[in-house]
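Next come the chains, spelled out residue by residue.
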Amino acid sequence: MKILIIGAGGREHALAWRIKQSPLVTHVFCAPGNGGISQDVTNVALGSQEDLVKFCKKEAIDFVVIGPETPLVDGLTDTLNANNIAVFGPSAKAAQLEGSKGFTKNLCRKYNIPTAAYECFDEMDLALDYIKKKGAPIVIKADGLAAGKGVVVAMTEAEALAAVREIMGGKFGSAGATVVIEEFMEGEEVSFFALTDGTEAIEFGSAQDHKRVGDGDTGPNTGGMGTYAPAPIMSDALRKRVMDEIILPTVNAMATEKMPFKGVLFAGLMITKTGPKLIEYNVRFGDPETQSLMMRLESDLVPALLACARGGLKKVEIKFKKEAALCVVMAAKGYPGDYKKGSIIKGLDKASMLANVKIFHAGTEMKDGNIIATGGRVLGVTALGATIKDAQALAYKAVDSIDWPEGFCRRDIGSKVI
Ligand code: AMP
Ligand code: GLY
């Protein structure tokens, strides 16, 4: 079977690495891929949706796995399906679960799925009045996709008012034409994954991310600076509650609304005093959660992804290793602000030789035999260990054998739970 993966990040590298190990697979392509992905599978150029259809037909691709949210929201699944190409990833309609925060909040309200209390506004004056009535802390979100930067957790009323003015004033273009204003929830955050074929859903592990750029959760938010898996807080009882109260009601609701969700539901959860509540849905795998998940995955990934597209997920059994995984993201100095591109990363061979370590690439390119940094988040140094503490020690050992003066990482990934 020939598989094409869409994307260029650490998540796609982790998926490519796992997919390539499947005995069902003869060849894996990735469009556009990156410098590390090209060492594991074949990179190809990423063109328009029509170009991708042509490529799939020419190469007789059996299955396309879409990594990021943007092509999903833009309907790549629908285009490929219309050309009889099987796809892992939801339709554009179902991808609204990530593409529109208002859509998801309204679905939660209609189907009683636990989430923060909220209101949606498309008029600035009404939004400002609502904040003055509710007070702080309060959370302001741009409705549409804003590259993970459209959320302001405001600890004061002034901050909240400023956030509304900024978002509705056009900072994120049309993605901020509507804002969602919601109750501030307190608790521990967990990334929870479930695969679904539109009818059935099965758990697919948990992880915890580190969103702030600096040690001790300081500094601005990023795409994610490191993860570990599984999340220790997710007891069997809590996992069952999440499936029963959040995931399965969502899968059923989407089917009832005639937009069945097929793919991975990535629930950002807040574990509050009264139980798990949904912060948001993503309609794709997490980055850098996937790096840790794939490190722990024991089962063949391909039959599970195929079953999401074709149905029959209930018969698929997913097994994770009992070990813990931990991923440390190495980023270019300056990230998430301005950073330089083009520096050479050395020592990757030495770091890769460590047993139970895999280095997933994000913003890299292979040039004249060197790996060059070309992005903000550049590497995901991932290790497997008997405990999170062991995985942490091994991951930092690998980090320390990488020679890249222009890069940095957090030194405390996983420390909070150790
Ligand atoms: P989101 O993009 O919706 O995941 O929001 C980004 C981050 O803002 C989340 O990871 C949380 O840390 C935080 N956040 C979002 N909504 C809330 C909320 N209602 N209460 C507290 N924190 C929140
Ligand atoms: N790590 C968070 C995300 O993938 O959205």
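So, here's what we can say about the structure.

Conventions and cut-offs
Residues numbered from 1 in each chain as written. Chains lettered and ligands numbered in written order. Predicted model: local features only at pLDDT ≥ 70, side-chain atom pairs only at ≥ 80, totals over all residues. Heavy atoms only, no water. Helix = DSSP H or I, 4+ residues; strand = E, 2+ residues; numbered from the N terminus. Rg over C-alpha atoms; globule rule 2.2 N^0.38 Å. Buried < 20%, exposed > 50% of the residue type's maximum accessible area, 1.4 Å probe, protein only. Contact = heavy atoms within 4.5 Å. Pairing = 2+ DSSP bridges. Patch = residues over 30% accessible without salt bridge, like charges linked within 9 Å, V, L, I, M, F, W, Y side chains within 5 Å. Areas by Shrake-Rupley, 256 points an atom, 1.4 Å probe, with all protein chains shown as cover. Salt bridge = Lys/Arg side-chain N within 4 Å of Asp/Glu carboxyl O. Near = heavy atom within 4 Å. Polar contact = N/O pair within 3.5 Å; in protein donor to acceptor, adjacent residues only side chain to side chain. Nonpolar A, V, L, I, M, F, W, Y, C, P; charged D, E, K, R; others polar.

## Brief notes about the overall build of the protein
Looking only at helices and strands, the protein features 14 helices and 23 strands. Here the C-alpha atoms of the protein give a radius of gyration of 21 Å, agreeing with the 22 Å that 2.2 N^0.38 yields for 418 residues. Considering only C-alpha atoms, the protein reaches an extent of 60 × 45 × 40 Å along its principal axes. Looking at the protein residue by residue over its 418 residues, the buried ones come to 57%.

## Points about the environment of threonine 42
Residue placement: threonine 42 occurs in strand 3 (residues 42-43). In this structure the C-alpha to C-alpha distance between threonine 42 and alanine 31, which are 11 residues apart in sequence, comes to 8.6 Å. Apart from the residues lying within four places of it in its own chain, the contact partners of threonine 42 are His27, Val28, Phe29 and Cys30.

## Overview of the pairing of strand 13 (residues 218-221)
The side chains of a regular strand alternate, first on one face of the sheet and then on the other. As judged from the two bridges shared by strand 12 (residues 212-214) and strand 13, these two strands associate in the antiparallel manner. Residue pairing in the sheet places glycine 214 in a bridge with threonine 218 of strand 13. Linkage of strand 12 to strand 13, two consecutive antiparallel strands, is achieved through a turn of three residues, within which glycine 216 is found at a positive phi near 70 degrees.

## Re the pairing of strand 7 (residues 138-142)
Counting buried residues in strand 7 gives five out of five residues, a clear majority hidden from the surface. Pairing of strand 7 with strand 8 (residues 151-154), which is carried by four bridges, proceeds in the antiparallel orientation. In the sheet register, valine 139 faces strand 8, and the bridge partner there is valine 153.

## Description of a nonpolar patch on the surface
Nonpolar side chains collect at one region of the surface, where Val151, Val153 and Met155 lie side by side and expose about 240 Å² of accessible area between them. Tracing the backbone shows valine 153 in strand 8.

## A look at the site of ligand 1
Taken together, 15 residues surround ligand 1, and among them Glu182, Glu183, Met185, Glu189 and Glu280 come closest. Here an oxygen atom of ligand 1 and a side-chain polar atom of lysine 101 are 3.5 Å apart. Every element with two or more residues in the shell around ligand 1 is listed here: strand 7, strand 8, strand 9 (179-183) and strand 16 (275-282). Taken together, the residues of the shell around ligand 1 break down into eight nonpolar, no polar and seven charged.

## Observations concerning the sheet that holds strand 4 (residues 63-66)
Spatially, five strands are ordered 3-2-1-4-5 in an open sheet, and the strand pairing comes out parallel. A strand with exactly one partner marks an edge of an open sheet, and here the two such strands are strand 3 and strand 5 (86-88). Of the strand pairs in this sheet, strand 1 (residues 2-7) and strand 4 are connected by four bridges, and their pairing is parallel. Bridging across to strand 4, isoleucine 6 finds its partner in isoleucine 66.

## Section: the site of ligand 2
Close to ligand 2 lie Asp209, Gly223, Phe266, Asn282, Arg284, Gly286, Asp287, Pro288 and Glu289. Here an oxygen atom of ligand 2 and a side-chain polar atom of arginine 284 are 2.9 Å apart. Interatomic distance of 2.8 Å between a side-chain N/O atom of glutamate 289 and a nitrogen atom of ligand 2. Summarising the interface, the protein chains cover 87% of the accessible area of ligand 2, which totals 200 Å² for the free molecule. Considered class by class, the residues forming the shell around ligand 2 number two nonpolar, three polar and four charged.

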